[in-house]
Amino acid sequence: MSGKTLYDKIWDAHVVSTDANGEAILYIDLHLIHEVTTPQAFAGLRAAHRPVRRPDRTLAVADHNIPTEGQALGVGAVADVEARAQLQALERNVADYRIEFFPMGDPRNGIVHVVGPEQGRTQPGMTIVCGDSHTSTHGAFGALAQGIGTSEVEHVLATQTLRQQKSKNMRVTFTGAPAPGVGAKDFALAMIGRIGTSGGTGHVIEFAGEAITALSMEGRMTLCNLTIEGGARAGLVAPDQTTFDYLMGRPSAPKGAAWEMAVRHWRRFVTDADAVFDVEVAIDVSTIAPTVTWGTSPQDVVAVDGRVPDPAQFDTDTAGAIRRALDYMGLEAGQRIDEARIDRVFIGSCTNSRIEDLRAAAAIAAGRQVAPHVRAMVVPGSGLVKDQAESEGLDVIFREAGFDWREPGCSMCLGMNPDRLAPGERCASTSNRNFEGRQGRGGRTHLMSPAMAAAAAVAGHIVDVRTLL
Amino acid sequence: MIPFTRLDAKAAPLDVANIDTDQIIPKQFLKTVDREGLARGLFYDLRFEADGRPKGGFVLDDPAFAGAGVLIAGDNFGCGSSREHAPWALLDFGLRCVISSSFADIFYNNCFQNGLLPIALPREQVRMLMAEAKGGNHVFSVDLETQTVTSPSGQVFAFDIDPGGKEKLLKGLDAIGETLQAAADIDAYEARRALDQPWLELA
Ligand code: SF4
């Protein structure tokens, strides 16, 4: 018999039981919740008079629709009536069910996928769920982390388990060393361009290879975050010394003798040498250039020195989709992508709002000025990231360069709060989705790395960051 | 949850690939604390101008497809955000079944929680159904028991579905109630885990 993959091992360690149809009841170690996808779940619990089984394994934040200024004024001051009602519903629910909560304005609050790892709540070998598709982020720690819908949120609250069929195993091996200016965001975009947005459907992807081992935890989180855009249920990186070093000393990480015991436990979560994957993909990162999206799907990628596609060179079905995307994006068939003039820059989101991301952007912004026609904003992923950045003086670098320095939250990643694009505005964004209308109705989003977004801000158009290094 | 057994209804063709859940229901409709009333947000940006005036021309607003119960869509339907508001909005609008060549995992899963039947068929078959659906004013039959879709011209297409999901839809099962019957197993699992990984109990 062949060995087990990392995914197999986490799965096996969490199966409570399996029914005749092969559906397992899977135990959930950590449940992260936020204001937007939980109100109906709590309403369901109340209606059925069911308690929350493990409030101690649940953590709540307010992130999706909070404003990115004036947070100290509290929820009562949130101008948007519906957003306020949703935030107040969360406050009520966490109080009623005794769930730990970092409210808006608390320095520990921020984007749910930044907060979990930062607090040391996210640990190797765990099963983690959240009513948000980018829960895949936590896979960077070798945790099986999946986005779920609201009915499943209710199911996990009530039972601390999820009913699920096992997915297939896929491995993407990243070999080689990246060129300067190329990093995890480029790896992810290049991969999605290669496998397509449904390339990972039905699979859990493990990322392996020397280029992954060399990545920081922040880089691994960026990569795993974008796994969902490749259609996979979750992404995984095996835990190693980099993982343990990141976790050590964090508020919810085990301490003392428990730490030693935990590390021994975590080290078991690696793929056996003779394990067999259903699908294998290999990518040489030395061939990847800084990458951006040109269209309205994360698979619409192009190297920054490349050209957008020309529909004339494709079959009818594909040509139609390309034409529709070019039309929405206001681009000419076959034009150079670095000629696209931008109006806005957004540095933030659970993909790229951690300290390392802000450092990379600040390194480009330092001593330069945002182009006069561009409005650029930086939204740290959490209050603690914001504090750290300020202690390093990054806020001063950004402000002096003309960036707007905001308070933490999801912000313009999905534009549920006041931060959003106006129709037709073109945005260089470090977020994860360039869907039509994602950042505001009619808005045009180009996904790229923090350094590339900062470079675009100062150039006023999409530009190869390597020319500014 | 309302069980799904058989459906005889019009099918609306939406010949676009990669319809994401942001398109199915845009963010401004996610600020509700209710499950109901989401039909007004369904495909909002495709159906309405920014000021709320109808754009006209969207298939579900075409009288020939009034009361459609089935949506036939391009590849990779339901990708993107995990928002369950997407199936809620489809159901609230009156749709009970979506046919596509492939579905994104989270959306697919969310359908089963709500009595919305997602049917995956090979792309050529979806194309054939799409062609027959054009023009409206017809009846498609979807039979979950026999796992078949019958087109207006009488062509029968068999589809695969996982047996657990099928049972859930046929019986309209409450997943939580079912899982709670295994509470003793969950207790036992938790007790073992508390011994193996005591640091997780000290939160
Ligand atoms: S930053 Fe964007 S993708 Fe991440 S959790 Fe918030 S809304 Fe979702």
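Cut-offs used in this document
Residues numbered from 1 in each chain as written. Chains lettered and ligands numbered in written order. Predicted model: local features only at pLDDT ≥ 70, side-chain atom pairs only at ≥ 80, totals over all residues. Heavy atoms only, no water. Near = heavy atom within 4 Å. Nonpolar A, V, L, I, M, F, W, Y, C, P; charged D, E, K, R; others polar. Pairing = 2+ DSSP bridges. Helix = DSSP H or I, 4+ residues; strand = E, 2+ residues; numbered from the N terminus. Axes fitted to C-alpha atoms, helices over the stretch in contact; angles between N-to-C directions. Core = buried A, V, L, I, M, F, W, Y, C linked by side-chain atoms within 4.5 Å. Buried < 20%, exposed > 50% of the residue type's maximum accessible area, 1.4 Å probe, protein only. Contact = heavy atoms within 4.5 Å.

> Help me out: how do you make sense of the site of the ligand in this one?
Around the ligand, the neighbouring residues are H64(A), I111(A), H113(A), D132(A), H134(A), S349(A), C350(A), C410(A), C413(A), L414(A), N432(A) and R438(A). Here the shell around the ligand is composed, by residue class, of 5 nonpolar, 5 polar and 2 charged.

> I tried to follow the sheet that holds strand β6 (residues 140–143) of chain B on my own but got confused; where do I start?
Backbone-to-backbone hydrogen bonds join strands into a sheet, with any given pair of strands oriented parallel or antiparallel. All names here are of chain B. As summarised here, the arrangement of the 4 strands in space is β1-β6-β7-β8, forming an open sheet in which the pairing is antiparallel. What marks the edges here is a single partner per strand, and that holds for β1 (6–9) and β8 (156–158). Across the sheet, the mean angle from the axis of one strand to that of its neighbour is 15 degrees, orientation sign disregarded. Both strand β7 (residues 148–150) and β8 contribute to a ladder of 3 bridges, which runs antiparallel. Looking at the pairing, T148 lines up with A158 of β8.

> Just checking my understanding: could you explain the nonpolar core for this structure?
Within soluble globular proteins, side chains that are nonpolar tend to cluster in buried spots. Residues V345(A), F398(A), F403(A), F43(B), L71(B), F77(B) and L90(B) are the most contacted members of the largest nonpolar core, which totals 85 residues. Apart from the residues lying within four places of it in its own chain, the contact partners of L90(B) are I24(B), L42(B), F43(B), L71(B), F77(B), L95(B), V98(B), F107(B) and L116(B). Of all hydrophobic cores here, the second largest spans 51 residues; its members include V61(A), V115(A), F207(A) and W266(A).

> I would appreciate a short explanation of the sheet that holds strand β1 (residues 15–18) of chain A in the present structure.
Residues and elements named next belong to chain A. Ordered by their spatial adjacency, 3 strands build an open sheet running β1-β2-β8, and the pairing between neighbours is antiparallel. Strand pairing shows two members of the sheet lacking a second neighbour, β1 and β8 (161–164), which therefore form its edges. The average angle at which neighbouring strand axes cross in this sheet is 20 degrees, direction not considered. The pairing of strand β2 (residues 24–27) with β8 spans 4 bridges and is antiparallel. Residue A24 lies in a different strand from β8, and its bridge partner there is Q164.

Take it as geometry only, folks, not as evidence of what the structure does.
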